[in-house]
Amino acid sequence: MYPFEAGLDYVRDGWYAAGWSRDFGDDLIARVVLGEPIVFYRDGEQVVALADRCAHRAYPLSAGVRVAGGVRCGYHGFTYDGLGRCVAIPAQAHVPPAYGVRRYPTLERGGVTWIWMGEPNAADPARLPDLDELGLTHPHFHVAIGGAKTWRNRYQLINENLLDLSHIEFLHYGSIGTANVAASPVVTTVHPGMVEAVRTIHDDVATPFHHRAVGIEGRMDRTTRSLFYLPGAHVTHVTMVAPGSGARYGEPGYFGEFRIVHLITPAGPHETTYFWAVTRTARTDDATTAFMLEAFDTIFDQDGVALERQERALIAAPDFYELSCTADEAALKARKLLRAAMRNERERTFSLGSPSEA
Amino acid sequence: MYPFEAGLDYVRDGWYAAGWSRDFGDDLIARVVLGEPIVFYRDGEQVVALADRCAHRAYPLSAGVRVAGGVRCGYHGFTYDGLGRCVAIPAQAHVPPAYGVRRYPTLERGGVTWIWMGEPNAADPARLPDLDELGLTHPHFHVAIGGAKTWRNRYQLINENLLDLSHIEFLHYGSIGTANVAASPVVTTVHPGMVEAVRTIHDDVATPFHHRAVGIEGRMDRTTRSLFYLPGAHVTHVTMVAPGSGARYGEPGYFGEFRIVHLITPAGPHETTYFWAVTRTARTDDATTAFMLEAFDTIFDQDGVALERQERALIAAPDFYELSCTADEAALKARKLLRAAMRNERERTFSLGSPSEA
Amino acid sequence: MYPFEAGLDYVRDGWYAAGWSRDFGDDLIARVVLGEPIVFYRDGEQVVALADRCAHRAYPLSAGVRVAGGVRCGYHGFTYDGLGRCVAIPAQAHVPPAYGVRRYPTLERGGVTWIWMGEPNAADPARLPDLDELGLTHPHFHVAIGGAKTWRNRYQLINENLLDLSHIEFLHYGSIGTANVAASPVVTTVHPGMVEAVRTIHDDVATPFHHRAVGIEGRMDRTTRSLFYLPGAHVTHVTMVAPGSGARYGEPGYFGEFRIVHLITPAGPHETTYFWAVTRTARTDDATTAFMLEAFDTIFDQDGVALERQERALIAAPDFYELSCTADEAALKARKLLRAAMRNERERTFSLGSPSEA
């Protein structure tokens, strides 16, 4: 499916955000990740993630009840433990040992519940994105969780939206967009499993937004670093300093920084969950936090409307042949990373089944 | 389609409920049965069932008008008699004799309008389910019609729901479900064209429901006979007696009986119409009837919600591989009956068209 | 798709109504024609029609903004002129000359904006329907535009509805339908690119509608000429005169004429836009105009409801085998014209690509 060739859908070996840690508790939560329905619940420190489909008659476990040590199906009472093993069948003494549902590895880090959708043995915490860079665990940054949005568009449209900020001038004009954004050059670098795009706007006007959010009067140098981590984490790192000062944290001329976190979790071919948070160094009082969350909520809703329009246009034109421009460099490089990862996983799958392995 | 192999959809040779007889009158009623749109109207004692699609330009006859002796299409005025023959075309003296629409055999019995969707010559009233067993014509039983529900799930999920009453303890806990239901053993017997599953719960507690509905104080022995008749009739026959009494109708210790009637008519691959009635021997006053109908309406709505959830899960997982347990015995035997009937019909269709018949 | 064979969808070489000229102004208007999303805007005398899909990332241009000389995409700011050429890409000095979107020929005639969906070189104004016959430019006729309706049915159902007015007696009984309509014979003639069907009802009763609309007391001879012009224009030309008078415009016994205009523009396989106007010679005061528009609006809504019912029936019965009657003659002849035109276009497409051309 555009922009990938037929047969490539998702990178599976990678950590995706299942949600914000604060959202998981005793209640059963149903969420679709990479096309697979999953039921979540918290068991102490751990969030359990099981296939949301009873092995007996496919009833969703999320419509059942939480019981000591696990979950019981709400239809015929099959009970599963936190490893997905069936531990009780009503009116039956013996439970066959193979009975069970798939369990997915999870991890709690940086206020996020992460889930691993690929080969369980490869679920290595070292493959998480850099949570300091995201601002989720960085000592200078104050984290305010925005929430989750569900959009009816393929995930890659969000990835590319976040990596081509030239759209800010058009889609978000009047809030964070100024007439200088699209015209400023971008330097793009590919790191292993990661793409970085940096744009510096010199001596730009501080919009009313920047005035209220950071307290900037007059003009600023604004540097935006957009980082993408395979398979679905982004940070938009904005540093605002006095023009020409080159100031760093704590130095004179330093106004403040944002690290806006975007966690992109594909739900299905045409649906994606988008988790976002605002982290920042300046004006961390509650009133400003509320202002920031509301401002970004509005901005991201503009993105959602646009991406759903784009999705409908793409569905209506399966043979769409795109044309690209300079501003697409970072998005095309991220696309290349994702494509390579998907092709690797596909080849590995094929080779596992090939006779030459015998 | 699960749980049957590809190519098997419905048993066609069999009587399905088209509706309750009381619902058919002069008005044209549209209903889809086994994927086929049908228009119904009453002509005296007889309910006429015709393909709901004018032979001229496919306009639904149910959007037309009832005329003397038949129905007239609301678009260009083609008129059909009760046998489906086209008897008038406006501005045309001659109607070609072959012009017409399919007519389906119907039968009025036990307050139900039955329709035969298969080979018309095979439409034998002897193939109706036992209406005395259903309680619809039994002298001891008072019939209260519940109505009809349309659920967005394949019919077989309802058949299996009714044949595995272990779900009562989980899905209907607090009304008819008690903690003893699933644990009580079931004896399953296959008869020609029929499956019977009997569960006796000894010395069970009478719930507030049983107290109100039958007047039972204290404890009871409760025997539940679930009967399934090909292709789509069920009765849940519940006998409640004093513990250990083994009492029969009229004897000391006899509290009462229910024969809950469930008539399952597939509308399409993912939609089914469910007709139900409550028949019983005890407390047949109007207030108790109203209580019973409301109680079962609530219970069956719980089933509907659950089965629609199950359907959506199955649609999302076309390769679902189920695991079964002891409690599935009756459902699996009914499935086997249905599968055999469908395979027989398919083979007969093929052999009719084979050259070796020449 | 019924009633055409698989592979035939639309006639492309022909003028379709894009809308009423009065509806196009500075605003961007999105409309789907023959399955293709198109953005329209007025540029002076000319209405510009461009593919509604930015060549960059498929964003709908209709969600962008009108700028001097063209339209700018609302996502990343690509700008197009009225010929569909990309003339500006933000932050990029050079625009590759091939960058652009498809532009469709348009024409303003008779108060209608016409669009040509086929081979642009063949877009000849001589292929417009006869606008005098339609009553849109005829000196005796006063034009009142009805508007546009979007119906969820394939276009051919509307074409055939308009060419078989025997339906008036059944579908529109009580307004324009009388008991004599279907019984009166029709004379059908095929002209190049056109079908004509004439029905004269002698000494018919003037309905309250005819009384109010034209001022007829008592009886009338009513002649209805239904003209269909390839690919999607109809006029229903009704002449009402004193019985036996044979009167023409201005002569004694002449009551009046209508030329009801119907412009049929396929949107997709199951959706059509229907543009309509009422033109007439009698009682052209505003009150009567309002009465006429309201009356026909009601009548055409009856058609819309019926055709959407027919569409759903056809979708449910892809193997429907129709039976025809005398009254279908004109509709079948129009079908033949359309089929021939579609086959010609298909053959031309194939021959363009065949090696024998080399």
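Residues numbered from 1 in each chain as written. Chains lettered and ligands numbered in written order. Predicted model: local features only at pLDDT ≥ 70, side-chain atom pairs only at ≥ 80, totals over all residues. Heavy atoms only, no water.

Caption draft 1: Looking closely at the overall build of chain A. When its secondary structure is counted, chain A shows five helices and 18 strands. Taken over the C-alpha trace, chain A has a radius of gyration of 22 Å; the compact-globule value for 358 residues is 21 Å, and the two agree within 12%. C-alpha atoms of chain A, sized along the principal axes, occupy 75 × 50 × 35 Å. Expressed as a percentage of the 358 residues in chain A, the buried residues total 58%. Within chain A, counting contacts between residues at least 6 apart in sequence, those at least 24 apart form 58% of the total. As displayed, chain A has an accessible area near 14,600 Å², and 53% of this comes from carbon and sulfur atoms. (Helix = DSSP H or I, 4+ residues; strand = E, 2+ residues; numbered from the N terminus. Rg over C-alpha atoms; globule rule 2.2 N^0.38 Å. Buried < 20%, exposed > 50% of the residue type's maximum accessible area, 1.4 Å probe, protein only. Contact = heavy atoms within 4.5 Å. Areas by Shrake-Rupley, 256 points an atom, 1.4 Å probe, with all protein chains shown as cover.)

Caption draft 2: Seen up close, the packing of aromatic side chains. Throughout the structure, instances matching the rule amount to 39 aromatic pairs over all chains. Seen from their ring centres, A:Phe209 and A:Phe296 are 5.7 Å apart, and the 90° between their planes marks the pair as edge-to-face. Residue A:Phe209 is located in helix 3 (residues 208-214), and its partner A:Phe296 is located in helix 4 (residues 286-316); the two are separated by 87 residues in the primary sequence. Accessibility classification places A:Phe209 together with A:Phe296 in one group, the buried group. Measuring from ring centre to ring centre gives 5.1 Å for C:Trp15 and C:Trp116, while their planes differ by 65°; the resulting arrangement is edge-to-face. One end of the pair, C:Trp15, is in strand 1 (residues 15-20); the other, C:Trp116, is in strand 10 (residues 112-116), with 101 residues separating them in the sequence. With a relative accessible area of 4%, C:Trp15 lands in the buried category. Through successive ring pairs, a cluster of aromatic residues spans A:Trp151, A:Phe209, A:Phe258, A:Tyr274, A:Trp276, A:Phe291, A:Phe296 and A:Phe300. We note A:Arg212 situated over the ring of A:Phe291; from NZ or CZ to the ring centre the distance is 5.1 Å. (Phe/Tyr/Trp six-rings, centres within 6.5 Å; stacked < 30°, edge-to-face > 60°. Lys NZ or Arg CZ within 6 Å of the ring centre and 35° of its normal.)

Caption draft 3: Spotlight on the environment of A:Cys54. Position of A:Cys54 relative to the elements: it lies in the loop between strand 4 (46-51) and strand 5 (65-67). Placed 135 residues apart in sequence, A:Cys54 and A:Thr189 show a C-alpha to C-alpha distance of 46 Å. Beyond its immediate stretch of four places on either side in the chain, A:Cys54 contacts A:Tyr59, A:Leu61, A:Cys73, A:Phe78, A:Tyr80 and B:Phe320.

Caption draft 4: Focus on the relation of the copies chain A and chain B. When chain A is fitted to chain B, the best match, at an RMSD of 0.1 Å, comes from turning it 120° and sliding it 0.1 Å along the axis. Given the turn and translation reported, the copies of this chain are related as if by a three-fold rotation axis. Measuring from the rotation axis to each C-alpha of chain A, the shortest distance belongs to A:Ile315, at 12 Å. (Least-squares fit on C-alpha atoms with pLDDT ≥ 70 in both.)

Caption draft 5: Inspection of the interface of chain A and chain B at higher detail. On the side of chain B, 28 residues touch chain A, which itself brings 21 residues to the contact. Summed over both partners, the interface of chain A with chain B buries about 2,000 Å², with 58% contributed by carbon and sulfur atoms. Counting the surface chain A buries against chain B, the share from its top three residues, A:Arg57, A:Tyr59 and A:Tyr75, is 35%. Inspection of the region where chain A meets chain B yields three salt bridges. (Buried area = accessible area lost by both parts, 1.4 Å probe. Salt bridge = Lys/Arg side-chain N within 4 Å of Asp/Glu carboxyl O.)

Caption draft 6: Representation of the side chain of C:Thr236. Residue and element names in this part refer to chain C. Its location among the elements puts Thr236 in strand 15 (residues 233-241). Here His262 takes part through its side chain, which lies 2.8 Å from a polar atom of the side chain of Thr236. Not counting residues up to four positions away in its chain, the partners in contact with Thr236 are Leu165, Thr224, Arg225, Ser226, Phe258, Arg259, Ile260 and His262. (Polar contact = N/O pair within 3.5 Å; in protein donor to acceptor, adjacent residues only side chain to side chain.)

Caption draft 7: Expanded view of unusual backbone geometry. Following A:Tyr2, the chain continues to A:Pro3 via a peptide bond in cis, the omega torsion being 0°. Among the secondary structure elements, A:Pro3 is positioned in the segment before strand 1 (15-20). The step from C:Leu230 to C:Pro231 runs through a cis peptide bond, and the omega angle for that step is -5°. The phi dihedral of B:Leu34 is positive, around 50°, even though this residue is not glycine. By the element assignment, B:Leu34 lies in the loop between strand 2 (29-33) and strand 3 (36-43). B:Leu34 gets classed as buried once you look at its relative accessible area, which sits at 3%.

Caption draft 8: Fine view of the pairing of strand 2 (residues 29-33) of chain C. Residue and element names in this part refer to chain C. Two strands pair when backbone bridges link them, and strand 2 and strand 3 (residues 36-43) are joined in this way by five bridges, in the antiparallel orientation. Considered in strand 3, the bridge of Ile29 is made with Phe40. Once strand 2 ends, the chain turns through two residues before running back antiparallel as strand 3, passing Leu34 with a positive phi of about 50°. (Pairing = 2+ DSSP bridges.)

Caption draft 9: Highlighting the sheet that holds strand 7 (residues 79-81) of chain B. Residue and element names in this part refer to chain B. Across the sheet, which stays open at both edges, the four strands sit in the order 5-6-7-8 with antiparallel pairing between neighbours. The open sheet terminates on both sides in strands that have one partner only, identified here as strand 5 (65-67) and strand 8 (86-88). Direction aside, the axes of adjacent strands within the sheet are offset by 35° on average. Pairing of strand 5 with strand 6 (residues 70-72), which is carried by three bridges, proceeds in the antiparallel orientation. Along strand 6, the bridge assignment pairs Val65 with Arg72. (Axes fitted to C-alpha atoms, helices over the stretch in contact; angles between N-to-C directions.)

Caption draft 10: Seen up close, the pattern of salt bridges. Throughout the structure, instances matching the rule amount to 78 salt bridges over all chains. Here A:Arg85 and A:Asp81 are joined by a salt bridge, their closest N and O atoms 2.8 Å apart. A salt bridge links A:Asp204 to A:Arg222; the nearest nitrogen and oxygen atoms lie 3.3 Å apart. One end of the pair, A:Asp204, is in strand 14 (residues 194-205); the other, A:Arg222, is in strand 15 (residues 219-229), and 18 residues separate them in sequence. Residue classification places A:Asp204 among the buried residues on the basis of a relative accessible area of 0%. Each member of the salt-bridge network shares a partner with another, and the members are A:Arg57, B:Glu160, B:Glu322, B:Asp328 and B:Arg335.

Caption draft 11: Structural detail: the sheet that holds strand 2 (residues 29-33) of chain A. Pairing is antiparallel in the open sheet, where four strands are placed in the order 2-3-4-9 (chain A). Strands with a single pairing partner mark the edges of an open sheet, and in this sheet they are strand 2 and strand 9 (103-104) of chain A.

Caption draft 12: Representation of the environment of A:Ile115 in the model. Residues and elements named next belong to chain A. Topologically, Ile115 is positioned in strand 11 (residues 112-116). Considered as a pair, Ile115 and Tyr104 are 11 residues apart in the sequence and their alpha carbons are 6.8 Å apart. If we skip the residues at most four places from it in the chain, Ile115 touches Gly14, Trp15, Tyr16, Ala18, Val33, Ile38, Phe40, Ala49, Tyr104, Pro105 and Thr106.

Caption draft 13: Focus on helix 1 (residues 155-163) of chain A. With nine of nine residues buried, helix 1 of chain A lies mostly within the body of the structure. Restricting attention to buried positions, one finds in helix 1 of chain A the residues A:Tyr155, A:Gln156, A:Leu157, A:Ile158, A:Asn159, A:Glu160, A:Asn161, A:Leu162 and A:Leu163.

Caption draft 14: Main features of the confidence of the model for chain A. Residue and element names in this part refer to chain A. Looking at chain A as a whole, the pLDDT averages 94, with 95% of positions reaching at least 70. Overall, residues 354-358 carries pLDDT values under 50, and its contacts beyond four positions in sequence, including any with other chains, amount to two contacts. Here the prediction assigns the complex a pTM of 0.93, and the interface score ipTM is 0.92. (pLDDT = per-residue confidence, 0-100.)

Caption draft 15: Quick peek at the packing of helix 2 (residues 155-163) of chain C against helix 5 (residues 286-316) of chain C. All names here are of chain C. Running from N to C, helix 2 and helix 5 point in directions that differ by 130°, and their axes come no closer than 10 Å. Looking at the two axes, helix 2 sits oblique to helix 5. Considering how the two elements wind past one another, helix 2 and helix 5 form a crossing that is right-handed. Of helix 5, the residues touching helix 2 (which contributes Leu157, Ile158 and Asn161) are Asp303, Leu307, Gln310, Glu311 and Leu314. Split into classes, the residues belonging to the contact of helix 2 with helix 5 amount to four nonpolar, two polar and two charged. (Parallel < 35°, antiparallel > 145°, perpendicular 65-115°, else oblique. Left-handed = near helix turned anticlockwise from the far one by under 90°. Nonpolar A, V, L, I, M, F, W, Y, C, P; charged D, E, K, R; others polar.)

Caption draft 16: Focus on the side chain of A:Thr265. Residues and elements named next belong to chain A. Tracing the backbone shows Thr265 in strand 17 (residues 254-268). When its relative accessible area of 2% is taken as the criterion, Thr265 is described as buried. Dropping the residues within four chain positions of it, Thr265 is found in contact with Tyr16, Ala17, Val33, Thr272, Thr273 and Phe275.

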